[in-house]
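Listed below are the residues making up each chain.
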Amino acid sequence: MTAKLTVSLLDYGAGNVRSVRNAITSCGYTITDITHPSQINDADVIIFPGVGSYHSAMDVLKKEGYDAALREYLKKDRPYLGICLGMQTLFESSEETNESGHTGDPLPGLGVIPGKVIKFDERKRSVPHIGWNGAIAHQKSPAMKYIGNGGSGKEEEVYFVHSYYAPITEENSKWVLTRTTYEGQEYISSVQRGNVCATQFHPEKSGTTGLNFLKGFLEAVENGTLSQTTPLPTNPDQHTQLVKRVVVALDVRSNDAGDLVVTKGDQYDVREKDDSEEGGATTGRGGVRNLGKPVQLAARYYTEGADEIAFLNITSFRQGVIEDMPMLQVLEEASKCIFVPLTVGGGIRSYTDPESKKVYSALEVASRYFRAGADKISIGSDAVIAAEEYYKLGMKKTGETSIETISQVYGVQAVVISIDPKRVYVSSPDGVDKKHTVVSLEDGQKGPNGEQYCWYQCTVKGGREAKDICAVTVAKAAEALGAGEIMLNCIDMDGQCNGFDHALMNAVSGAVTIPVIASSGAGCEKHFVDVFKGTGVQAALAAGMFHRKEVEIGSVKKHMEEFGIRARIIG
């Protein structure tokens, strides 16, 4: 039996490449790492999973001498698969902001495909484009053999996360393998010409569909049929649609026995109610609520159709992440069997190790998480502190906040801001500090004394400390500093199963152009339909109702579809 070909992986050191490795090995192939330009010419097939910012990618390729070797390899029509930035770098240039924070001349790329990569217009749509969208085939390709009748049949959603795109032009039209629509904007979502192939979407994060794409591509390389493409008739009136995401959160912490478990809070209290007595006194505090093991639960949600999974390390603010080996191991193990996006939050900040006195930057902490398997990191308390400093300096950036340093290297799409506000009820907007956004509440949401208004006060340290800044203000600062998404919680609604806080969701989503994930309060299928119909959020997150098996992910999505809300249906 002939041994399968070896995949040469060009890992330039940024972002989550672990998931790409796991996806390739799950298809039955071995990997060798390209560590020197001389290896490029000897490769059977190269996969370049570009992750992060365009500037960082091209800078490394040039410094290490890979760019010239890649151009020569591609000129010979050798088998190649670029992913995300691995596709964008094939074009002549990109207008993506450079590391110093100033937009100048377009950054030159490898120049294989005519055209330049440009940014989505945030005046017309949320940017980045994050989530599951379709792809309309322009060619029938062996790489699409296992997808929708060989790429010419049923449209299957794949996962995108990007702020910049390649427009279709007359000069590059023959390269287009698929196109995608994002809120009215058509763009190239994958390319192929001969043996050179690349995708804007992430196959390694696109579930079974993505794995099938990788399988088809690698099999075609192996049997020499990859270049056997044929054009397909296209309908310019056919468009794709970004679906609404269902995200599952797993609050992870150590229980009293030291085991890492998934728990769930009731207004952020994760301990069971316990009236047992200690020394004659009623404690009212039981053990940490244990809802299962992190990797096992996450794997279950992946197979049930979760669009994204978030691991929230809810005790990490008490310790350093670099030494938090159990949480890193959770990510490493999860990425072996879960091929949808993984977000991790908790402790993404600069800190000094108490024993060695070594100072770790927030960027170093985030890098450790990315290398362990995270696709996005969630910043909580540190984002509130950064927002306070941003306004204190007259809305000026320092370039030193965790949001700025991480997004400059890994791209804005890799940075999620988790905001934990609580309601401050007021009888009238008059008298409230003008820096706070006051919202009007519906009858069923009024305060304990019938207050019709409130503002949302941000908290830090897991909700234990309140700050004099509102959720809308923090969200706007976070976007300005370089965040790509907002995970919007509400302490008042947490664990209550009464639905999401629509007033909060509308206040924040109406104030920023980046996507917002609704969190806190889901208790049934209807709550997802309500928040998607009643607010501007792109995704909704739940935890307890899924952990307790009160509601299935599939039933949520079916309910959404019944009410005209597009969802990603598996199976």
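Residues numbered from 1 in each chain as written. Predicted model: local features only at pLDDT ≥ 70, side-chain atom pairs only at ≥ 80, totals over all residues. Heavy atoms only, no water.

(A) Layout of the overall build of the protein chain. Helix and strand content of the protein chain: 16 helices and 33 strands. Per-residue burial over the protein chain gives 57% buried out of 571 residues. (Helix = DSSP H or I, 4+ residues; strand = E, 2+ residues; numbered from the N terminus. Buried < 20%, exposed > 50% of the residue type's maximum accessible area, 1.4 Å probe, protein only.)

(B) Main features of the sheet that holds strand S6 (residues 107–108). An order of S6-S5-S7-S12 is seen for the four strands of this open sheet, with the pairing classed as mixed. Sheet topology places S6 and strand S12 (164–165) at the edges, where each strand pairs with a single neighbour. Pairing analysis gives two bridges linking strand S7 (residues 113–119) to S12, with the strands arranged antiparallel. Across the sheet, the residue bridging to Ile118 is Tyr165, located in S12. (Pairing = 2+ DSSP bridges.)

(C) Highlighting the side chain of His129. Its location among the elements puts His129 in strand S8 (residues 129–133). Dropping the residues within four chain positions of it, His129 is found in contact with Phe120, Phe160, Val161, His162, Tyr182, Tyr187 and Leu242. (Contact = heavy atoms within 4.5 Å.)

(D) View of the confidence of the model for the protein chain. Summing up the model confidence of the protein chain, the mean pLDDT is 89 and the portion of residues at 70 or higher is 88%. In this model, residues 265–271 is a region of pLDDT below 50 whose contacts with residues beyond four sequence positions or in other chains number 34 contacts. Long-range and interchain partners of residues 275–285, a stretch whose pLDDT sits below 50, account for 15 contacts in this model, where long-range means more than four residues apart. (pLDDT = per-residue confidence, 0-100.)

(E) Local environment of the state of the cysteines. In the structure shown here, the tally under the stated rule is zero disulfides. In this model Cys524 remains outside any disulfide bridge; the closest cysteine sulfur is found in Cys497, 8.8 Å from its own. Overall, Cys524 belongs to the partly exposed group, its relative accessible area being 24%. (Disulfide = S-S within 2.5 Å.)

(F) Fine view of the packing of aromatic side chains. For the coordinates displayed, the defined rule picks out 14 aromatic pairs. The interplanar angle of 70 degrees and the centroid separation of 6.4 Å between the aromatic rings of Tyr302 and Phe339 together place this pair among those described as edge-to-face. Here Phe339 lies in the loop between helix H8 (325–337) and strand S22 (342–345) and Tyr302 lies in helix H7 (residues 294–304), a separation of 37 residues in the sequence. Since its relative accessible area comes to 14%, Tyr302 is described here as buried. An aromatic cluster is present here, built from Phe120, Phe160, Tyr165, Tyr182, Tyr187, Phe201 and Phe213 joined pairwise through their rings. Above the ring of Tyr146, the side-chain terminus of Lys215 is found at 4.4 Å from the ring centroid. (Phe/Tyr/Trp six-rings, centres within 6.5 Å; stacked < 30°, edge-to-face > 60°. Lys NZ or Arg CZ within 6 Å of the ring centre and 35° of its normal.)

(G) Highlighting helix H1 (residues 18–26). Taken residue by residue, H1 has Ser19, Val20, Asn22, Ala23 and Ile24 as its buried positions. Positive backbone phi, approximately 95 degrees, marks Gly28, located one or two places after H1.

(H) Molecular detail of the nonpolar core. Core analysis: the biggest nonpolar cluster contains 127 residues, and Ile309, Phe311 and Phe546 have the highest contact counts within it. Dropping the residues within four chain positions of it, Phe311 is found in contact with Leu250, Val252, Pro294, Ala298, Met327, Val330, Leu331, Ala334, Leu342, Thr343, Val344 and Gly345. Of all hydrophobic cores here, the second largest spans 32 residues; its members include Ile40, Tyr73, Leu90 and Val196. (Core = buried A, V, L, I, M, F, W, Y, C linked by side-chain atoms within 4.5 Å.)

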